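Now for the letters of each chain:
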Amino acid sequence: MPSRAHTATDFTEAWLRNRRLSEHTRAAYRRDIAGWLSWCTDQELEPLAAGFLHVNAYARDLESSVDPRTGRPLTPATVARKLSSLSSWYTFLGRLGAVDTNPVSGADRPRVSRDHSATVGLTSEEVDALLAAAEADTGPNAPRNRAVLALLADLGLRVGELVSLDLADLGHERGHRSVRFVGKGGRPRRRALTPGSAYAVDAYLAARAAAARRPVEQLDGPLLVTASGNRLDRHAVFRLVRRLARTAGIPAWERLSPHSLRHAFATTARAEGVPLEDVQDAMGHADPRTTRRYDRDRHNLDRDPAYAIWAARARRRG
């Protein structure tokens with residue numbers, strides 16, 4: 001069994017090194033475990049001696065806590081995600097022989113409906129309005145902001161995937177403009193740039209190169225940068241989406257996030273007849289049920305297969 005001299009933080013870093021994860025996911029898992037360790041400290045509890053009753057108590061505390069970003073209680077999905085991270089951590093410790101059992105496996109986890117998402121959605125018309133607000137934006141960062149919105153709207157990228165893009169990730173494949181990146185779970189991904197997103201990226205890079213007084217080909221580093229040349233972070237993208245949504249007159253602008261555009265991507269793709277498996281692959285979902293949850297229009301009676309069956313019967317009789 002590993003020495004007790006190993007701290008829980010040591011175990012966390014070993015667990016994270018053992019998994020192929022994006023930096024965003026790694027940071028989220030690290031925060032989840034840090035929250036548990038802080039709670040254990042407050043309870044004067046040794047984390048390696050915790051049982052399922054302790055995990056239950058922690059979960060109930062999470063359910064009654066407030067998300068500092070929103071000012072609202074944590075959602076069941078957020079609590080479930082934190083417990084899932086904790087379960088994975090304890091499974092790893094079990095493999096090391098640091099614990100005998102995984103205390104999360106016997107805990108009472110919140111039920112999360114696959115039909116529910118706390119993300120505020122956008123209609124196709126609202127996405128159009130958001131893109132129009134970006135087009136009308138002015139200032140030195142306007143070209144970059146248009147590229148950000150185009151990539152979010154046209155490709156449905158996760159915000160972590162977006163801000164992690166480097167210039168070296170842009171390329172050409174079999175006649176397509178493309179972008180490569182590491183998706184959730186550390187999986188390599190590639191997507192095609194639409195003519196609109198390619199145009200927005202090219203215009204941004206041309207403006208950036210002109211400001212730096214060098215050719216576009218000599219630019220390097222992150223794709224999306226701040227005025228000081230640092231990588232654009234996820235918080236700046238959140239602020240940008242809400243600012244432009246407010247300008248566009250979208251009612252729920254203060255509750256929108258970059259993920260709202262990801263949901264809109266899935267909904268619009270399905271409404272346009274894109275097969276579920278193609279949308280699933282584009283979004284990088286391991287489970288098609290996740291893709292269906294993103295489709296906000298899936299219960300629309302216009303899409304009830306009963307109509308297709310009736311129409312086919314009518315044609316046969318015709």
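Now for a description of the structure that goes with this document. (Residues numbered from 1 in each chain as written. Predicted model: local features only at pLDDT ≥ 70, side-chain atom pairs only at ≥ 80, totals over all residues. Heavy atoms only, no water.)

1. Some words on the overall build of the chain
As a reminder, the rule being used: Runs of E in the DSSP output that reach at least two residues are strands. Runs of H or I that reach at least four are helices, and both are numbered from the N terminus. Burial classification: accessible surface area is computed with a 1.4 Å probe over protein chains only, and a residue below 20% of its type maximum counts as buried, one above 50% as exposed, and the rest as partly exposed. A contact between two residues is defined here by any heavy atoms of the two lying within 4.5 Å. Note on areas: these come from Shrake-Rupley sampling with a 1.4 Å probe, and a residue is covered only by the protein chains present in the view.
A count of helical and extended segments in the chain gives 13 helices and three strands. Taken along its principal axes, the extent of the C-alpha atoms in the chain is 70 × 60 × 40 Å. Counting over 318 residues, the chain shows a buried share of 42%. Long-range pairs, those at least 24 residues apart, make up 59% of the contacts in the chain between residues at least 6 apart in sequence. Carbon and sulfur atoms make up 51% of the accessible area of the chain, which totals about 17,900 Å².

2. Overview of the sheet that holds strand β1 (residues 170–173)
Strands pair in a sheet through their backbones, by hydrogen bonds, and they do so in one of two ways: parallel or antiparallel. Here is the rule we go by: If DSSP finds at least two bridges between two strands, the strands pair. Lines fitted to C-alpha atoms define the axes here, with helix axes fitted over just the stretch in contact, and angles between the N-to-C directions of these axes take values from 0 to 180 degrees.
Ordered by their spatial adjacency, three strands build an open sheet running β1-β2-β3, and the pairing between neighbours is antiparallel. Edge positions in the open sheet fall to β1 and β3 (188–192), since each of these has one partner strand only. With strand direction ignored, the average angle separating the axes of adjacent strands in the sheet is 40°. Both strand β2 (residues 176–182) and β3 contribute to a ladder of five bridges, which runs antiparallel. Bridge pairing in β3 places arginine 180 opposite arginine 190.

3. Brief notes about the nonpolar core
Where a protein is soluble and globular, its nonpolar side chains tend to be buried together. Filter applied, for reference: Side-chain atoms within 4.5 Å link the members of a nonpolar core, which is a set of buried Ala, Val, Leu, Ile, Met, Phe, Trp, Tyr and Cys residues.
By size, the foremost hydrophobic cluster in this structure holds 45 residues, and its most contacted members are Val148, Leu151, Val237 and Leu261. Residue contributions to this core peak at eight residues, all from helix α6 (residues 142–155). Filtering out sequence-adjacent residues up to four positions away, leucine 151 remains in contact with Gly156, Leu157, Leu162, Leu165, Leu193, Ser197, Val201 and Leu223. If you look at the next biggest cluster of nonpolar residues, it comprises 30 residues, including Leu48, Ala59, Leu62 and Phe92.

4. Focus on the environment of leucine 155
Within the fold, leucine 155 resides in helix α6. Residues leucine 155 and alanine 192, 37 residues apart in the sequence, show an inter-C-alpha distance of 8.0 Å. Once you skip the residues sitting within four places of it in the chain, leucine 155 turns out to touch Ala150, Val179, Arg191, Ala192, Leu193, Ser197 and Phe265.

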